[in-house]
Amino acid sequence: MNSMKKNVFSELNGRLGNQMFIYAFCRALSLDLGATPILYDGLIRNSKIDYRLSCFKLCEEIKCSSTWPATIFHRFGLVINAFLTDKVSRASRLRIQRSINPFLQGCGLFICNEGYTRPILSFLKKRTVFTIGYFQSEKFFLTHRTQIIQDFSFREEIVNRCADWHQKICNS
């Protein structure tokens with residue numbers, strides 16, 4: 001078996017709520033695979049959307065990257081997904097994505113823009129994983145609930161700043 005540490009890249013987009021779901025899935029999947037979680041923030045850097053997770057403690061292993069080092073397998077999976085799901089209804093897109101997901105996961109690509117699709121860990125363990133989607137279901141990270149909640153604890157300086165304001169309000 002290859003001893004090189006694997007990575008889980010998750011495309012970070014949206015505002016605070018979306019970013020929290022994306023982080024939670026990236027973190028849970030990286031724990032399941034024994035991989036390093038990496039948030040791809042290239043889309044945010046090139047838009048008017050801000051990175052909103054800096055107020056949380058998050059895990060120490062988490063990294064941000066503005067590069068998306070996709071392999072030929074990842075790119076091929078993205079092309080197949082785009083070709084099959086372009087210009088179809090939402091219901092058709094969900095059905096198509098569910099049917100091609102085993103193939104995409106075999107390419108190291110996990111796409112879930114609609115609903116819940118279970119990751120096939122045995123497929124994803126084979127290579128670096130790229131995830132795209134919003135992952136707005138606790139099913140994606142339920143097995144790591146306690147760890148994720150700890151990751152979303154506010155940083156100490158945020159807590160202290162709020163305590164100061166709390167004291168000022170109580171004294172007025």
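Positions within a chain are numbered from 1, following the residues in the order the chain's sequence is written. Where totals are concerned, whole chains, interfaces and linings use all residues; where local detail is concerned, this predicted model gives features only for residues with pLDDT of at least 70, and gives and counts side-chain atom pairs only at 80 or more. Side-chain measures were taken over the full set of non-hydrogen atoms in the model, leaving aside hydrogen atoms and water.

Peer 1: Help me out: how do you make sense of the pattern of salt bridges in this one?
Peer 2: Pairing of side chains with opposite charge becomes possible as their charged atoms draw close. One speaks of a salt bridge when a side-chain nitrogen belonging to Lys or Arg is within 4 Å of a carboxyl oxygen belonging to Asp or Glu. One pass over the full model with this rule turns up three salt bridges. Where Arg-27 meets Asp-151, a salt bridge forms, and the shortest distance between an N and an O atom there is 2.7 Å. Of this pair, Arg-27 sits in helix H1 (residues 16–33) while Asp-151 is found in helix H6 (residues 145–151), placing the two residues 124 residues apart along the sequence. In this scheme, a residue with accessible area under 20% of its type's maximum is buried, one over 50% is exposed, and one in between is partly exposed, where area comes from a 1.4 Å probe on protein chains only. Overall, the relative accessible area of 6% leaves Arg-27 in the buried class. You can call Asp-151 buried: its relative accessible area is 3%. In DSSP terms, a helix is any run of H or I states spanning at least four residues, a strand is any run of E spanning at least two, and both are numbered starting from the N terminus.

Peer 1: Would you mind showing me how to read the packing of aromatic side chains here?
Peer 2: In this scheme Phe, Tyr and Trp rings, the latter by its six-membered ring, pair at centre separations within 6.5 Å, and the angle between planes marks the pair as stacked below 30 degrees, edge-to-face above 60, and tilted otherwise. Under the criterion given, the structure shown has 13 aromatic pairs. Following the ring pairs from residue to residue traces out a cluster consisting of Phe-25, Phe-110, Tyr-116, Phe-135 and Phe-140. Whether a charge lies above a ring is judged from NZ of Lys or CZ of Arg, which has to be within 6 Å of the ring centre and within 35 degrees of the ring normal. Above the plane of the ring of Trp-165 lies Lys-168, whose end atom (NZ or CZ) is 4.8 Å from the centre.

Peer 1: Would you take a moment to explain the state of the cysteines for this structure?
Peer 2: Disulfides are covalent bonds that link the sulfur atoms of two cysteine residues. Only a pair of cysteine sulfur atoms within 2.5 Å qualifies as a disulfide here. According to the stated counting rule, one finds zero disulfides in the structure shown. Cysteine Cys-55 shares no disulfide, and the gap to the nearest cysteine sulfur, in Cys-162, comes to 9.6 Å. Note on Cys-107: no disulfide assigned, nearest cysteine sulfur contributed by Cys-112 at a separation of 17 Å.

Peer 1: Please clarify how the environment of Phe-141 should be interpreted in this entry.
Peer 2: By secondary structure assignment, the location of Phe-141 is in the loop between strand E5 (129–133) and H6. Among the residues examined, Phe-141 registers a relative accessible area of 13% and is labelled buried. Spatially, the C-alpha atom of Phe-141 lies 28 Å from that of Ser-47, the residues being 94 residues apart in sequence. Two residues form a contact once any of their heavy atoms are found within 4.5 Å. Setting aside residues no more than four positions away along its own chain, Phe-141 makes contact with Phe-21, Ala-24, Phe-25, Ala-28, Phe-135 and Ile-148.

Honestly, it's all geometry; don't read function into it.
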